[in-house]
Amino acid sequence: MKIFIDTANLDMIKEINSWGILDGVTTNPSLIAKEGTDTRTRVKEIAGIVDVPISAEAMSLDAEGMIKEGRELASIHENINVKLPMSIEALKATKVLSGEGIDVNMTLIFSPQQALLAAKAGARYVSPFVGRLDDIGLYGTEILEQVIGIFFNYGFDTEVIAASIRGPVHVLEAASMGCDIATIPYNVLLQMVSHPKTDEGIQNFIKDYEKSKKK
Ligand code: G3P
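Because the structure is a prediction, the values reported are computed rather than measured.

Asks: A description of the overall build of the chain should follow, citing residues and the corresponding values.
Replies: Along its length, the chain carries 11 helices and 8 strands. Taken over the C-alpha atoms alone, the chain extends approximately 75 × 35 × 30 Å along its principal axes. The burial tally for the chain puts 47% of its 215 residues in the buried class. Put simply, of all contacts in the chain between residues at least 6 apart along the chain, 57% involve residues at least 24 apart. Approximately 11,000 Å² of the chain is accessible, and the part contributed by carbon and sulfur atoms is 55%.

In structure tokens:
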């Protein structure tokens, strides 16, 4: 499974890239606002530090505006793909942008039917939001299994990005289902590394090593 980081923070991106496990970066308007910058500036900076796909979200709500913004964002760097929130206008824009070789990440996907339409329109990625489905009392990761099954049935090459990941169990379920990608917040990546028995084991090895040195 490919691991993307879901952040617009440069230090976090640099740190996770240094682990040797980073396959991509996703941003959204809320993550960009948190950094006190704008999408164009920040995705250009990200493209300067990592050589992986980077999602940048377009803000227009009509197809014409999405296409214009999408072309502008994609022209910033070859690694940039355009995030469009699911709608009829976004489907129209996806058809045009994908026809021009610009990758689209269809975001705010909350049903497998939306994902099917996005794939048919030519989206390179779909991003089902599992955490926000949990938030309304549903079993969020179920949508991943459904979308993966539909794409398999019809041979779509659209990749499924598990998004709105809130903890390591979401990652475990996405990976167990064969999800192509998970876009993971920094704090969850840290949680995935640690285990109390690992920490305990390291401490015990250090103690025993120190003892053996004294003999
Ligand atoms: O990738 C989408 C993600 O940023 C949304 O996460 O936690 O705001 O639902 P969250």
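There's plenty left to go through after this.
Asks: Quick one: what's the story with the site of the ligand, residue by residue and with numbers?
Replies: All residues in the neighbourhood of the ligand are listed as D6, N28, F129, R132, A163, S164, R166 and T183. Residue D6 places a side-chain N or O atom 2.6 Å away from an oxygen atom belonging to the ligand. Interatomic distance of 2.9 Å between a side-chain N/O atom of N28 and an oxygen atom of the ligand. Considered class by class, the residues forming the shell around the ligand number 2 nonpolar, 3 polar and 3 charged.

Asks: An account of unusual backbone geometry is needed here, citing residue identities and associated values.
Replies: The backbone of L108 shows a phi angle near 55°, a positive value even though the residue is not glycine. Relative to the assigned elements, L108 resides in strand β5 (residues 104–109). Residues other than glycine seldom take positive phi values, yet S164 does so here, at roughly 55°. Here S164 lies in the loop between β7 (159–162) and α9 (168–176).

Asks: How would you sum up the pattern of salt bridges? Please name residues and give values.
Replies: By the definition in use, this model includes 13 salt bridges. Residue R42 pairs with E35 through a salt bridge whose shortest N-O separation is 3.8 Å. A relative accessible area of 10% places R42 in the buried class. In this structure E35 comes out as partly exposed when scored by relative accessible area, which is 26%. A salt bridge links R124 to E159, with the nearest nitrogen and oxygen atoms 2.5 Å apart. In this pair, R124 is assigned in the loop between α6 (112–121) and β6 (125–128) and E159 in strand β7, connecting sequence segments 35 residues apart. By relative accessible area, E159 is classed as buried at 10%.

Asks: I'd like a rundown of the nonpolar core, residues and numbers included.
Replies: Core analysis: the largest hydrophobic core is formed by 55 residues, its most contacted members being V25, L84, M106, V126 and L144. Setting aside chain neighbours within four positions, we find V126 in contact with N105, M106, I109, A115, A118, V147, F151, T158, E159, V160 and I161.

Asks: Please set out helix α8 (residues 142–154) residue by residue, giving values where relevant.
Replies: With 13 residues, α8 extends 19 Å between its outermost C-alpha atoms, agreeing within 8% with the 18 Å of an ideal straight helix rising 1.5 Å per residue. Listed in full, the buried residues belonging to α8 are I143, L144, V147, I148 and F151. Down the axis of α8, the smallest arc covering the buried residues is 130°, so these residues share one side. Exposed residues lying more than 90 degrees from the buried face of α8 are F152 and N153. Contacts made by the buried residues of α8 are with β5, α6, β6, α7 (130–135), β7 and α9. Just downstream of α8, G155 is the residue with a positive phi angle, here 70°.

Calculation notes
- Throughout, a residue's number is its position along its own chain's written sequence, starting from 1.
- Local features in this predicted model are restricted to residues whose pLDDT is 70 or higher, and side-chain atom pairs enter the listing and the counts only when it is 80 or higher, whereas totals over whole chains, interfaces and linings include all residues.
- With hydrogens and water set aside, each side-chain value is computed from the structure's full complement of heavy atoms.
- Going along the chain from the N terminus, every DSSP run of H or I of four or more residues is numbered as a helix, and every run of E of two or more is numbered as a strand.
- Only protein chains enter the accessibility calculation, which uses a 1.4 Å probe; a residue is then buried when its area is under 20% of its type maximum, exposed when over 50%, and partly exposed in between.
- When checking whether two residues touch, look at their non-hydrogen atoms; a contact exists if any pair is within 4.5 Å.
- Exposure was quantified through the Shrake-Rupley algorithm and a 1.4 Å probe, taking into account, for residues, occlusion by the shown protein chains and nothing else.
- Any residue with a non-hydrogen atom lying within 4 Å of a molecule or strand is treated as near it.
- Pairs of N or O atoms within 3.5 Å make up the polar contacts considered here, provided that, within protein, one atom can donate a hydrogen while the other can accept it, and that residues adjacent in sequence are counted only when both atoms are side-chain atoms.
- Amino acids are sorted into nonpolar (Ala, Val, Leu, Ile, Met, Phe, Trp, Tyr, Cys and Pro), charged (Asp, Glu, Lys and Arg) and polar (every other residue, Gly among them).
- Any Lys or Arg side-chain nitrogen found within 4 Å of a carboxyl oxygen on Asp or Glu counts as a salt bridge.
- Put simply, a nonpolar core is a bunch of buried Ala, Val, Leu, Ile, Met, Phe, Trp, Tyr and Cys residues held in one set by side-chain atoms that sit within 4.5 Å of each other.
- An expected span of 1.5 Å times one less than the residue number is assigned to each helix.
- In this description, the arc belongs to the directions extending from the helix axis to the C-beta atoms.

So yeah, pure geometry; function would need other evidence.
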